[in-house]
Amino acid sequence: MTHLTRNDFANALQLLARIETQAGNLNSFARAVVTELGDYVASELTTLSVCDLFTGHRQLVSALYGDDYRRSRLEYAIAMPLFSDLHTLVSVVLNRRRLDFSERDRERLELVRPHLAFLYRHARKGVATPSGDSVLPSPVQAPAVSPSGLTTREGEVMYWLACGKTDAEIAALLSISPRTVQKHLEHIYVKLGVETRTAAVMRSATSLAIKK
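The shown structure was predicted, so the numbers you read here are calculated from the model rather than taken from an experiment.

Things to note about the overall build of the protein chain
Summing up its helical and strand segments, the protein chain has seven helices and four strands in all. Going from the N terminus to the C terminus, the protein chain shows its helices and strands as α-α-β-β-β-β-α-α-α-α-α. For the protein chain, with 212 residues in total, the buried portion stands at 44%. Counting only contacts in the protein chain whose residues sit at least 6 apart along the sequence, the fraction spanning at least 24 positions is 61%. With the model as given, the accessible surface of the protein chain reaches about 11,300 Å², and the carbon-plus-sulfur share is 52%.

Written out as structure tokens, the structure is:
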């Protein structure tokens, strides 16, 4: 059930139009994303970071601190992945200290996420989208290469797992039921010889590194 209104869609289009003008390179794109998203979905700290899935090291690319920011008192966070190749995860994280994020907040972020992922890929190449062109939906696709032994569907589940998605979110992205996602995860765990989600992501990334 959607909680979005006509104004939410209008605001999303306006946000994307503003960020698109700053998508010529990664630095300006990152600054625009944290600035605009901090207003689009209220946040006391908004960051864009790059995480090395092998080491767990996270590099902060850009951050916006709200007037009420208190590092030690931030209690709630919501992450929005923009890119992942099973080695690197690029994501935007919004933080609050008092009020948890609502389902509507999640829907508003998911509304713009595929478009921001599209703009990120252009910014990463140092290419700005031509002025006047529409930013069409372009969901991040699972990489063609997946760990040995996994089916195509299991590879897709593994990809979204690495992006930090929940079972319910993976089910929605792949148009399957949460129960089916759980079944795929059970098979993945057995094939990779692991017992947890984190271990599966790390084993998958290691497997691909060895293969290359």
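Considering the packing of helix α1 (residues 6-20) against helix α3 (residues 103-125)
In contact at an axis separation of 10 Å, α1 and α3 are set at 30° when each is read in the N-to-C sense. With respect to α3, the axis of α1 lies roughly parallel. Judged by the sense of rotation from one axis to the other, the crossing of α1 with α3 is right-handed. Contacts between α1 and α3 involve Asp8, Phe9, Asn11, Ala12, Leu15, Leu16, Ile19 and Glu20 on the former and, on the latter, Arg104, Arg108, Leu111, Val112, His115, Leu116 and Leu119. In the contact of α1 with α3, the residues fall into nine nonpolar, two polar and four charged.

Remarks on the nonpolar core
Considering soluble globular proteins, one finds that nonpolar side chains tend to be buried as a cluster. Ranked by internal contacts, the top residues of the largest apolar core, which has 29 residues, are Phe29, Leu37, Leu48 and Leu116. At the level of secondary structure, the elements contributing two or more residues to this core comprise α1, α2 (26-40), β3 (76-84), β4 (88-96) and α3. Membership of the second largest hydrophobic core comes to 23 residues, among which are Leu150, Leu161, Tyr189 and Val194.

A few points about the side chain of Glu154
With respect to the element layout, Glu154 can be found in helix α4 (residues 152-162). Among the residues examined, Glu154 registers a relative accessible area of 4% and is labelled buried.

Structural notes on the packing of helix α5 (residues 167-174) against helix α6 (residues 178-192)
Following both chains from N to C, one finds α5 and α6 inclined at 105°, their axes separated by 8 Å at the closest point. If you check the angle between α5 and α6, you find them roughly perpendicular. Residues Asp167, Ala168, Ile170 and Ala171 of α5 lie in contact with α6, whose contacting residues are Pro178, Val181, Gln182 and Leu185. Classifying every residue of the contact of α5 with α6 gives six nonpolar, one polar and one charged.

Let's talk about the confidence of the model for the protein chain
When pLDDT is averaged across the protein chain, the result is 79; 81% of the residues are at 70 or more. Contacts from residues 127-145, a stretch scored under 50 in pLDDT, to residues over four places away or in other chains number 34 contacts.

Things to note about the pairing of β3
Successive side chains on a regular strand alternate, one facing one side of the sheet and the next facing the other. One ladder, built from eight bridges, connects β3 with β4; its direction is antiparallel. If you follow Met80 over to β4, its bridge partner there is Val92. Between the end of β3 and the start of β4, which pair antiparallel, lie three residues, with Leu86 showing a positive phi angle near 70°.

Reading the values: the criteria
- Residues numbered from 1 in each chain as written.
- Predicted model: local features only at pLDDT ≥ 70, side-chain atom pairs only at ≥ 80, totals over all residues.
- Heavy atoms only, no water.
- Helix = DSSP H or I, 4+ residues; strand = E, 2+ residues; numbered from the N terminus.
- Buried < 20%, exposed > 50% of the residue type's maximum accessible area, 1.4 Å probe, protein only.
- Contact = heavy atoms within 4.5 Å.
- Areas by Shrake-Rupley, 256 points an atom, 1.4 Å probe, with all protein chains shown as cover.
- Axes fitted to C-alpha atoms, helices over the stretch in contact; angles between N-to-C directions.
- Parallel < 35°, antiparallel > 145°, perpendicular 65-115°, else oblique.
- Left-handed = near helix turned anticlockwise from the far one by under 90°.
- Nonpolar A, V, L, I, M, F, W, Y, C, P; charged D, E, K, R; others polar.
- Core = buried A, V, L, I, M, F, W, Y, C linked by side-chain atoms within 4.5 Å.
- pLDDT = per-residue confidence, 0-100.
- Pairing = 2+ DSSP bridges.

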